Amino acid sequence: MVQVAHDAINSLDNPFWLYSIEQYKKPGCAEFLLDAQDRYHFDINILLFIGWLNSHNKTFQDDLALNAAHDWQASKVRPIRALRRKAKPLQNNPFYQALKDLELTAERAQQAMLFQISRRWPKSSQTGIDGFKVSVKAYANKMGLNFKESWLQALYQHLQP
């Protein structure tokens with residue numbers, strides 16, 4: 001039997017997805033990101049993406065290709081999330097678990113899109129917290145979102161590998 005090498009470029013288990021799983025498991029990270037999503041309307045996948053980019057010395061760019069990832073979030077992930085939240089009283093029901101799994105699958109597909117886009121972005125001269133700030137501000141400006149400097153510092157701490 002011939003073994004096929006893992007193709008991280010085309011796989012849903014790409015390095016960005018694996019980074020996201022590790023970060024999300026860190027104490028306080030999930031709660032912080034969910035608060036950013038619910039209170040400020042940030043896309044958690046984009047925030048994780050910015051953290052992952054930063055760990056690879058890249059910065060978030062306003063790339064037209066990102067429109068597909070934003071559209072996916074708006075038209076697929078958010079409606080599934082809304083339905084799952086409405087079904088939360090059914091937490092012990094297989095239907096609720098199926099909705100959770102579907103939401104996760106949709107988020108994973110969005111992350112695969114983001115990973116593909118990032119492959120063509122060059123390394124940045126701005127690294128560390130400075131590069132991170134540039135990226136978050138670029139994303140926030142694109143989306144018309146606001147945040148406090150203290151929030152940005154906390155986000156940076158949560159997304160460091």
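Report follows, based on the coordinates. (Residues numbered from 1 in each chain as written. Predicted model: local features only at pLDDT ≥ 70, side-chain atom pairs only at ≥ 80, totals over all residues. Heavy atoms only, no water.)

## Overview of the overall build of the chain
And step 1. Summing up its helical and strand segments, the chain has seven helices and zero strands in all.
And step 2. Element order for the chain, N to C, with α for helix and β for strand: α-α-α-α-α-α-α.
And step 3. Whereas a compact globule of 161 residues would reach a radius of gyration of roughly 15 Å, the chain reaches 16 Å, a difference of no more than 12%.
And step 4. Principal axes of the C-alpha set define a box for the chain whose edges measure 50 × 50 × 30 Å.
And step 5. Taken over 161 residues, the chain has a buried fraction of 41%.
And step 6. Once local pairs closer than 6 in sequence are excluded, the contacts in the chain between residues at least 24 apart make up 75%.
And step 7. Put simply, the chain shows about 9000 Å² of open surface, and 56% of that area lies on carbon and sulfur atoms.
And step 8. If you average the places of the 20 positive and of the 15 negative side-chain charges in the chain, the two averages end up 2 Å apart. (Helix = DSSP H or I, 4+ residues; strand = E, 2+ residues; numbered from the N terminus. Rg over C-alpha atoms; globule rule 2.2 N^0.38 Å. Buried < 20%, exposed > 50% of the residue type's maximum accessible area, 1.4 Å probe, protein only. Contact = heavy atoms within 4.5 Å. Areas by Shrake-Rupley, 256 points an atom, 1.4 Å probe, with all protein chains shown as cover. Lys, Arg positive; Asp, Glu negative; His and termini not counted. Charge placed at Lys NZ, Arg CZ, Asp CG, Glu CD.)

## Digging into helix H1 (residues 15-25)
And step 1. For H1, the set of buried residues is Phe16, Trp17, Tyr19, Ser20 and Gln23. Down the axis of H1, the smallest arc covering the buried residues is 160 degrees, so these residues share one side.
And step 2. Contacts made by the buried residues of H1 are with helix H2 (29-40), helix H3 (44-55), helix H5 (94-118) and helix H7 (149-158).
And step 3. At the N-terminal boundary of H1, the capping side chain belongs to Asn14, with an oxygen 2.9 Å from the backbone nitrogen of Phe16. (Arc of directions from axis to C-beta. Polar contact = N/O pair within 3.5 Å; in protein donor to acceptor, adjacent residues only side chain to side chain.)

## With respect to the nonpolar core
Nonpolar side chains in soluble globular proteins tend to be buried together.
And step 1. Formed by 32 residues in total, the largest nonpolar core has its most connected members in Phe49, Phe60 and Leu155.
And step 2. When residues of this core are traced back to their parent elements, those giving at least two are H1, H2, H3, helix H4 (66-86), H5, helix H6 (128-143) and H7.
And step 3. No other element matches the eight residues that H3 contributes to this core.
And step 4. Not counting residues within four places of it along the chain, the set of residues in contact with Phe49 comprises Phe16, Phe60, Leu66, Leu114, Phe115, Ser118 and Trp121. (Core = buried A, V, L, I, M, F, W, Y, C linked by side-chain atoms within 4.5 Å.)

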